[in-house]
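Chain and residue survey
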Amino acid sequence: MKERIQKIISARGVASRRHAEEMIRAGRVSCNGVVCSVGDTADPDIDTILLDGKSLPARSENLYLMLNKPRGYVTTLSDEKGRKNAAQLVADCGARVYPVGRLDMDSEGLLIFTNDGEFANRLMHPSHEVKKTYCVLVKGYCDSSLELLKKPIVLDGYRIKPPAVMLLNADADGKAEIQVTIHEGRNRQVRRMCASAGMQVQRLIRISEGELLLGDLPSGKWRFLTNEEIALLK
C-alpha cells in the first residue's frame, strides 16, 4: 500500500516526520532511483527507498520511554557545538529512538523518546494541545506576579493561551516555587512568560506531559512506558 515517503521514513524510526520532510527537501531521499519531493508516495514493500544512498532500516518494534533529563543536556540528535546530548542517556534502550519535542539545555525533567514516528507526530502537533506542567523556581516574585503570569502574551507572533498557574510556596526574599501548565511548546516559553511577569527562572522541571507523570524517576535515568501510559498518550 502506498504511503507518503516522509511517513515511511518516520515509521522506520529514522526521524520525525517533520525532519523526514527536511531530508526530502535537501535531496537526500530517492525512490527507485529518482530523487523524491515532499508529498511523493511509495509502497515500502515494493519500492526501493534510499536515504543518502542507503536503504532504510527494517521495521522494528516500537519503543516508548521517558527520561528524566538532567540540566546541561541538549535534546537535538546532533549538536554542532559537541555538547552532551540527552539521546546518549537512552542509548542502551535497544533501538534508535529520538525525543518527542524538546527541553532546552538548562531545563530538566520529563522527556519522551520513541521510534514510532506517527505517535511522535500526534503528540507534537499543535492541534492536539497536549498539556505540559512544569515546576518553576523563580526569583523576583511579588504579590502581582501570578496575575501577570496568567495573562496571555504574544510570543513569536503567536498569542499563547492563558496558562494554568498555582503558587506552591514563596518567601520574603522574592523566591517562589510555581506550578505552570501550558498547551503550546514555543521556544523557551515558560522562561519568557516568567520574564514578562518580572521573574527570573532559576530552575525549570517538566513534571508531566498529558497524563504521563515524571514521578520519582531519578535524574539521568529512563524507563519504558507501561501499556496503560502509552494508551493514555495515544
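Below is a summary of the structure that appears in this document.

**Let's talk about helix 3 (residues 117-124)**
Inspection of helix 3 places Gly117, Phe119, Ala120 and Leu123 among the buried residues, and these make up the whole buried set. Considered in projection along helix 3, the buried side chains sweep an arc of 160° and stay on one side of the axis. Measuring from the backbone nitrogen of Glu118 back to the side-chain oxygen at the start of helix 3 gives 3.2 Å, which picks out Asp116 as the cap.

**Regarding unusual backbone geometry**
Of all residues except glycine, most have a negative phi; of all peptide bonds, most are trans. A positive phi angle, close to 55°, is found at Asn32, a residue other than glycine. Under the relative-accessibility criterion, Asn32 is labelled partly exposed at 48%. One non-glycine residue with positive phi stands out, namely Asp52, at about 55°. On the secondary structure map, Asp52 appears in the loop between strand 5 (49-51) and strand 6 (54-55). Look at Asp52 and you get partly exposed, because its relative accessible area is 47%.

**A short note on the nonpolar core**
Counting 33 residues, the largest nonpolar core has Phe113, Val136, Val138, Leu149, Ile178, Cys194 and Met199 as the members making the most contacts within it. Of all the secondary-structure elements, those providing two or more residues to this core are strand 7 (64-69), strand 9 (108-114), strand 10 (132-139), helix 4 (145-150), strand 14 (175-182), helix 5 (189-196) and strand 15 (200-209). The leading source of residues in this core is strand 14, at four residues. Not counting the four nearest positions on each side in its chain, Val138 is found in contact with Gly174, Lys175, Ala176, Ile178, Cys194, Met199, Gln200, Val201 and Gln202. Counting residues in each nonpolar core, the second largest holds 17 residues, with Val100, Ile112, Leu123 and Leu214 among its members.

**A look at the packing of aromatic side chains**
Scanning all chains against the criterion turns up two aromatic pairs. Between the aromatic rings of Tyr64 and Phe119, the centroid separation amounts to 4.9 Å while the plane-to-plane angle is 80°, which identifies the pairing as edge-to-face. Here Tyr64 is found in strand 7, whereas its partner Phe119 is found in helix 3, with 55 residues between them in sequence.

**A look at the sheet that holds strand 5**
A sheet is described by the order of its strands in space; here four strands give the open sequence 3-2-5-6, paired in antiparallel fashion. A single partner strand is all that each edge strand has here, and the edge strands are strand 3 (34-35) and strand 6. Here strand 5 runs beside strand 6; their pairing, made up of two bridges, is antiparallel. Looking at the pairing, Leu51 lines up with Lys54 of strand 6.

**Overview of the layout of surface pockets**
Quantified by volume, the largest pocket comes out at close to 1600 Å³. Forming the walls of the largest pocket are 49 residues, and the residues nearest its centre are Arg18, Gly101, Arg102, Met124 and Gly185. When residues of the lining of the largest pocket are traced back to their parent elements, those giving at least two are helix 2 (17-25), strand 8 (98-99), helix 3, strand 10, helix 5 and strand 15. Split by residue class, the lining of the largest pocket holds 18 nonpolar, 14 polar and 17 charged. In this structure, the second largest pocket encloses a volume near 170 Å³. Here the lining of the second largest pocket is composed, by residue class, of seven nonpolar, four polar and two charged.

Rules of the game
- Residues numbered from 1 in each chain as written.
- Predicted model: local features only at pLDDT ≥ 70, side-chain atom pairs only at ≥ 80, totals over all residues.
- Heavy atoms only, no water.
- Buried < 20%, exposed > 50% of the residue type's maximum accessible area, 1.4 Å probe, protein only.
- Helix = DSSP H or I, 4+ residues; strand = E, 2+ residues; numbered from the N terminus.
- Arc of directions from axis to C-beta.
- Polar contact = N/O pair within 3.5 Å; in protein donor to acceptor, adjacent residues only side chain to side chain.
- Core = buried A, V, L, I, M, F, W, Y, C linked by side-chain atoms within 4.5 Å.
- Contact = heavy atoms within 4.5 Å.
- Phe/Tyr/Trp six-rings, centres within 6.5 Å; stacked < 30°, edge-to-face > 60°.
- Pairing = 2+ DSSP bridges.
- 1 Å grid on protein atoms, 1.4 Å probe; cavity = no way out; pocket = protein on both sides within 12 Å on 5 of 7 lines; lining within 4 Å.
- Points joined across faces, edges and corners; volume = space filled by probe spheres on them.
- Nonpolar A, V, L, I, M, F, W, Y, C, P; charged D, E, K, R; others polar.

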